[in-house]
Amino acid sequence: MSLHAQDDPALRAAQEDRLREVWKPPSGLFLRWTDTNNNAVGVWYTLTAFGFMLFAGVLALIMRTQLAVPDNDLVSANTFNQLFTLHGSVMMFLFAVPMFEAVSIILLPQLLGARDLPFPRLSAFGYWSFLIGGVFVAGSIFFNAAPDGGWFMYPPLTTRTDLSGLGADIWMLGLSFIEVSSVAAAVELIVGVLKCRPPGMRLNLMPLYAWYILVVAVMILFAFPPLIAGDLLFEMERLLNWPFFDAARGGDPLLWQHLFWIFGHPEVYIVFLPSIALFAMMIPTFAQRHLLGYPWIVLAAVGTAFLSFGLWVHHMFATGLPKISLAFFSAASEAVAIPTGVQIFAFIATLWAGKVKWSTPLLYASGSLAVFVIGGLTGVMVAIAPFDWQAHDTYFVVAHLHYVLIGGTLLPLFGGLYYYWPLITGKKLSDRLGRIAFWIMFVGINLTFFPMHLSGLEGMPRRVFTYPAELNIGWLNLASTAGSYLFAAGVLVLVVDLALSPTRAKSPRNPWNAGTLEWLALPDDEDWGIRSVPLIESRYPIWDQKDFVAKVDEGRYFLPDAEEGRRETIVTSVLDAKPVSVIRLGGPSVKPMITAVALGSVFILTTYHLYLLAALGGVATLACVLWWLWDTAEIPEKPEKPIGHGMHLPLYRSGPAAPGWWAMFITMMADATAYSGLVFGYYFYWTVHPDFGDGFTGPGVAAPMIALAPSLASWALTLVAREVHARRHVMLARLLLIGGAATAVAGLIAGLRCLDGLDPQVNVYPAIIWVLVIWTVAHAAVAVVMQLYTLVRSLAGKMDPTHDADLRNITVYMHFFALTAIVTYMTIGWFPETGL
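This one's a predicted model, so the numbers in the text were calculated from it and none came from an experiment.

All right, on to the overall build of the protein chain then. The helix and strand inventory of the protein chain stands at 25 helices and four strands. Principal-axis analysis of the C-alpha atoms gives the protein chain an extent of 80 × 70 × 50 Å. Here the protein chain holds 836 residues, and 60% of them are scored as buried. A total of about 30,800 Å² of accessible surface is found on the protein chain, and carbon and sulfur atoms cover 70% of it. Averaging the locations of the 48 positively and 57 negatively charged side chains of the protein chain gives two centres separated by 10 Å.

Next comes the structure, spelled out in structure tokens:
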């Protein structure tokens, strides 16, 4: 592909003026909150997550002060329980995952040479959901209503309302709302990596940061939904007295542990791999050479993600599981060290082979690896079941966890902060203050957590608010408390450095002499990001492609203009990044914020048992979603537009070529994973309890099959509607959509009839049937809304046979709905009725 220069300075200046006008942020503080540009959302996201981290750190200091000496009475047992529950919850749910998503929302478009991610309003919705849910959960401690059952919330202590107060509901519903924002961000990041790469950036040329973010976002799709399923069962027990975890009525508290740790252990790698991704960007820069072992690092990242889903039971070694389970999960827990080691040794080899330029970011990276390796070694120890039985629920595990999370998450993020601060603000942080902060924190980390290994081996249990002097571990706890204050002092120095940043002079462009695309940004960064979307021929184009930066700056590549006054970027194919279309991005809007407020009201009002108001909030949420979607998938004023160099791309695509189709498919994968958690619960009860279903008359075979038939008919009618609509039989397609909605309603009614005579409060067997059926009929209701919405879009002239994204997207939903109906009705109809 030849690149023809645009040599007219006046033309280039006019193009830049148009870009600047299109991408300028709204004026006024409130209006800036409605900006959906990735930089605006990412900065708000990052600042909020950083604030929650500082809040959780203060909680930790109070706890360490309480534990500094034996028999201390600084705080009560109840207050201490609230402190450690919120500390763990905030760090895991409100800092670690949101922070990586926030940083990725800022960096990923620039790393990919894109003007923005494909769904900027979805990113904004995720941020507002995160903020509302986070304030709701974290603020509860100021009203003595914070959760006090631990960040893991084990039943039955937390499901019994007489043993736990409102805090358990706040934790469960508030964090469920936050999990929605995490899944939304994952959808945005996956589609961004797969569909918004610049032309020529094949998968094997992607920056490793993009690979890691893709892997982690996919992990979120499979890790968070099982916890959402567990949250649903948990709240139904608390609010409706359905006995999912009540052993006296056939339930089993171990089901919660399975669902929680299916999320909980991959969560460790979800927060660790993005930090490794920062290493993958920093180390080649400071070694001034390409990273060694690129394909092996990618395979190791994928392998780490895969193995992380086979480790959850090592958190349950003390629950009395069969020995074969202990052996399998112990081996898997040790095997995960192999891909982790591959990545670390590849980084060390790159530094060894390069000409290292020592800097503050590299200092943080090196120190974090040292801390993480210590945590990894103790992780291998607790992966061995006999040792775990001795160390379980002691401070040894607390030490291991914090070495892993601080070395694998916190210190790398601080290093990334020093590395990318010039990119975000145009100003460097102080090397002197950065090094001082690092060494204070490094000493503080080890002084805080290394003694915990010893106190744990001496028998100090975790989650206790005091301890007797006779244990002779007061000096170890005092050392840990002193170390925690030292670590906090290091963080304070870093905060001071950030606060002084606005007073410093602008840094030069690309101050580290990096080779990847994000450093095309100028110190006086424009809101429209990259000047022209480049053609990529190397993993480090700034180093390897001749005159690359000048060509980008002069608009010599693709899409150098905003001719129609719209925010746009290029969509490319998944594997080889061939240009497919131009996507028009959503501009500043209040819709994501209002939708998040409406959805948040559902969770918050349910917490206080205001069910009617919560239902009204649900209706408002549906209205907001439809309002939001109405202006999407618009029919453009022309079929295609030039992007430069004689190339023309369509302005509208539907089906697998379109980002919207991928977003629907990925969202439904998350939905199916949550549903699989409920199905897992059904078969867990069936296999663990031989008397599951005994003494109860189930729905039988006939009623579920009757409910299945119209559900499948609705799916088939929608599928046929898509095909006949593509063949320009518009009226017939509309009639088929009406038929699809009618049969979905029939399936909904028939599904509810399966519940006749089943009391979900009596035993877990009818309760789990209720949950599976409610899940299925709720999806039938959503199918009706989607079919009628698509019908109205067609009648309003917003969809035609050429522009049919709405119909193709709802067909994806109907595939998953049909699968859900098949599994639900086959399960409740044939198991355990057949006695298999």
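Let us keep going from here.
Moving on, we get to the pairing of strand β2 (residues 579-584). Counting buried positions along β2 gives five out of six residues, so the element sits mostly inside the fold. Where strand β1 (residues 568-572) meets β2, five bridges bridge the pair, whose relative direction is antiparallel. Each residue of the ladder has a partner; that of Ile570, found in β2, is Val582. Joining the antiparallel neighbours β1 and β2 is a turn of six residues, in which Ala577 adopts a positive phi near 55°.

Attention now moves to the packing of helix α20 (residues 611-630) against helix α24 (residues 764-795). Following both chains from N to C, one finds α20 and α24 inclined at 35°, their axes separated by 12 Å at the closest point. The interaxial crossing formed by α20 with α24 has right-handed handedness. Of α24, the residues touching α20 (which contributes Leu622, Leu626, Leu629 and Trp630) are Val785, Tyr789, Val792 and Arg793. Residues of the contact of α20 with α24, tallied by class, amount to seven nonpolar, no polar and one charged.

What follows concerns the pattern of salt bridges. Scanning the model with the defined rule gives 27 salt bridges in all. For the salt bridge of Asp17 with Arg20, the shortest nitrogen-to-oxygen distance reads 3.1 Å. Of this pair, Asp17 and Arg20 both sit in helix α1 (residues 9-23), three residues apart, roughly one helical turn. Across the pair Arg18 and Asp561 runs a salt bridge, and its minimum N-O distance is 2.4 Å.

In low-pLDDT regions, the fine details of the predicted coordinates are not to be read closely. In the predicted model, the protein chain carries a mean pLDDT of 92, and 98% of its residues have values of at least 70. Low confidence marks residues 1-5, where pLDDT is under 50. Its contacts with residues over four positions away, or in another chain, come to eight contacts.

The full count for this structure, using the stated rule, is 56 aromatic pairs. Seen in terms of ring centroids, Trp312 and Phe329 are 5.2 Å apart; in terms of plane orientation they differ by 65°. Their pairing is edge-to-face. Of this pair, Trp312 sits in the loop between α9 (294-308) and α10 (323-335) while Phe329 sits in helix α10; the two residues are 17 residues apart in sequence, bridging distant segments of the chain. By way of ring pairs, the aromatic residues Phe93, Trp151, Trp171, Phe224, Phe234, Phe245, Trp256, Phe260, Trp261 and Phe263 are connected into one cluster. We note Arg539 situated over the ring of Tyr294; from NZ or CZ to the ring centre the distance is 3.7 Å. The positively charged end of Arg793 is found above the aromatic ring belonging to Trp630, 5.3 Å away from the centroid.

Attention now goes to the side chain of Thr340. Relative to the assigned elements, Thr340 resides in helix α11 (residues 337-353). Residue Thr340 is classed as buried on the basis of its relative accessible area of 9%. Apart from residues no more than four positions distant in its own chain, Thr340 is found in contact with Phe272, Thr304 and Phe372.

Moving on, we come to the environment of Leu405. Position of Leu405 among the secondary structure elements: in helix α14 (residues 395-425). Remark: the alpha-carbon pair of Leu405 and Met92, spanning 313 residues in sequence, is separated by 9.5 Å. Ignoring anything within four residues of it in the chain, the contact list for Leu405 reads Met92, Val271 and Leu410.

Before going further, it helps to spend a moment on the nonpolar core. With 257 residues, the main nonpolar core has Tyr209, Tyr212, Phe244, Phe414 and Leu494 as its most contacted residues. By residue number, the principal contributor to this core is helix α8 (residues 254-287), which donates 22 residues. Among all residues touching Tyr209, those that are not within four sequence positions of it are Phe100, Val103, Ser104, Leu107, Leu108, Leu111, Pro274, Ala277, Leu278 and Met281. Core analysis: the next-biggest nonpolar cluster, separate from the first, contains 10 residues, Leu19, Ala562, Leu585 and Ala657 among them.

Attention now moves to the packing of α24 against helix α25 (residues 805-830). Running from amino to carboxyl end, α24 crosses α25 at an angle of 160°, the nearest separation of the two axes being 10 Å. Of the possible angle classes, the one that applies to α24 and α25 is roughly antiparallel. Once α24 is placed against α25, the crossing between them reads as left-handed. When its residues are assigned to classes, the contact of α24 with α25 shows 18 nonpolar, seven polar and two charged.

Once that is clear, we can look at the side chain of Thr378. Among the secondary structure elements, Thr378 is positioned in helix α12 (residues 360-382). Apart from residues no more than four positions distant in its own chain, Thr378 is found in contact with Phe396, His400 and His453.

Bringing a nonpolar patch on the surface into the picture now. Where nonpolar side chains cluster on the molecular surface, the patch consists of Leu166, Tyr608, Leu610, Leu612, Leu613 and Leu616 and spans about 580 Å² of accessible area. For the nonpolar patch, the element with the highest residue contribution is α20, accounting for three residues. If you trace the backbone, Leu616 turns up in helix α20.

Another point: unusual backbone geometry. Residue Pro156 follows Pro155 across a cis peptide bond; omega there is 0°. Within the secondary structure, Pro156 is located in the loop between α5 (120-138) and α6 (166-195). Phi angles above zero are rare outside glycine, and His609 is one such case at about 60°. One non-glycine residue, Arg728, adopts positive backbone phi at about 70°.

Let us now look at α1. Between its terminal C-alpha atoms α1 stretches 21 Å, which fits the 21 Å expected from 15 residues at 1.5 Å a residue. What α1 keeps buried is the set Arg12, Gln15, Leu19, Val22 and Trp23. Here the buried residues of α1 occupy an arc of 90° about the axis, which is enough to place them on one side. Of the exposed residues in α1, those oriented more than 90 degrees away from the buried face are Pro9 and Ala10. Contacts from the buried residues of α1 go to β1.

Calculation rules
All residue numbers here refer to positions counted from 1 along the written sequence of the relevant chain. Restriction of local features to residues with pLDDT of at least 70 applies here, the model being predicted, together with a cutoff of 80 or more for giving and counting side-chain atom pairs; totals for whole chains, interfaces and linings are based on all residues. No hydrogens and no water enter the side-chain calculation; it runs on all heavy atoms of the structure. Helix numbering and strand numbering both begin at the N terminus, where a helix is a DSSP run of H or I of at least 4 residues and a strand a DSSP run of E of at least 2. A 1.4 Å probe rolled over the protein chains alone gives each residue an accessible area, and that area as a share of the maximum for its type sets the label: buried under 20%, exposed over 50%, partly exposed in between. Surface accessibility in these figures is a Shrake-Rupley result with a 1.4 Å probe; residues are shielded only by whichever protein chains are displayed. Residues counted as positive are Lys and Arg, residues counted as negative are Asp and Glu, and His and the chain ends are not counted. To locate a charge, the coordinates of NZ of Lys, CZ of Arg, CG of Asp or CD of Glu are taken. Should DSSP find at least two bridges between two strands, the strands are regarded as paired. Here, axes are lines fitted to C-alpha atoms. For helices the fit covers the stretch in contact, and angles between N-to-C directions go from 0 to 180 degrees. Crossings are classed by handedness, with left-handed meaning an anticlockwise turn of the near helix from the far one by less than a right angle and right-handed meaning a clockwise turn. In what follows, residue pairs with any heavy atoms lying within 4.5 Å of each other are defined as contacts. Amino acids outside the nonpolar list (Ala, Val, Leu, Ile, Met, Phe, Trp, Tyr, Cys, Pro) and the charged list (Asp, Glu, Lys, Arg) are all regarded as polar, and Gly is one of them. A carboxyl oxygen of Asp or Glu within 4 Å of a side-chain nitrogen of Lys or Arg is what we treat as a salt bridge. How sure the predictor is of each residue is captured by pLDDT, a score from 0 to 100. Aromatic pairing here means that ring centres of Phe, Tyr or Trp (its six-membered ring) are within 6.5 Å. Orientation follows from the plane angle: under 30 degrees is stacked, over 60 is edge-to-face, and everything else is tilted. Whether a charge sits over a ring comes down to the Lys NZ or Arg CZ being within 6 Å of the ring centre and within 35 degrees of the ring normal. For our purposes a nonpolar core is just a set of buried Ala, Val, Leu, Ile, Met, Phe, Trp, Tyr and Cys residues, chained together by side-chain atoms within 4.5 Å. Convention used here: angles under 35 degrees read as roughly parallel, angles over 145 as roughly antiparallel, angles from 65 to 115 as roughly perpendicular, and any remaining angle as oblique. To count toward a patch, a residue needs a relative accessible area above 30% and no salt bridge. Like charges then connect within 9 Å, nonpolar side chains (Val, Leu, Ile, Met, Phe, Trp, Tyr) within 5 Å. For a helix, the expected span equals 1.5 Å multiplied by the residue count minus one. Note that the arc is computed from the directions linking the helix axis to the C-beta atoms.

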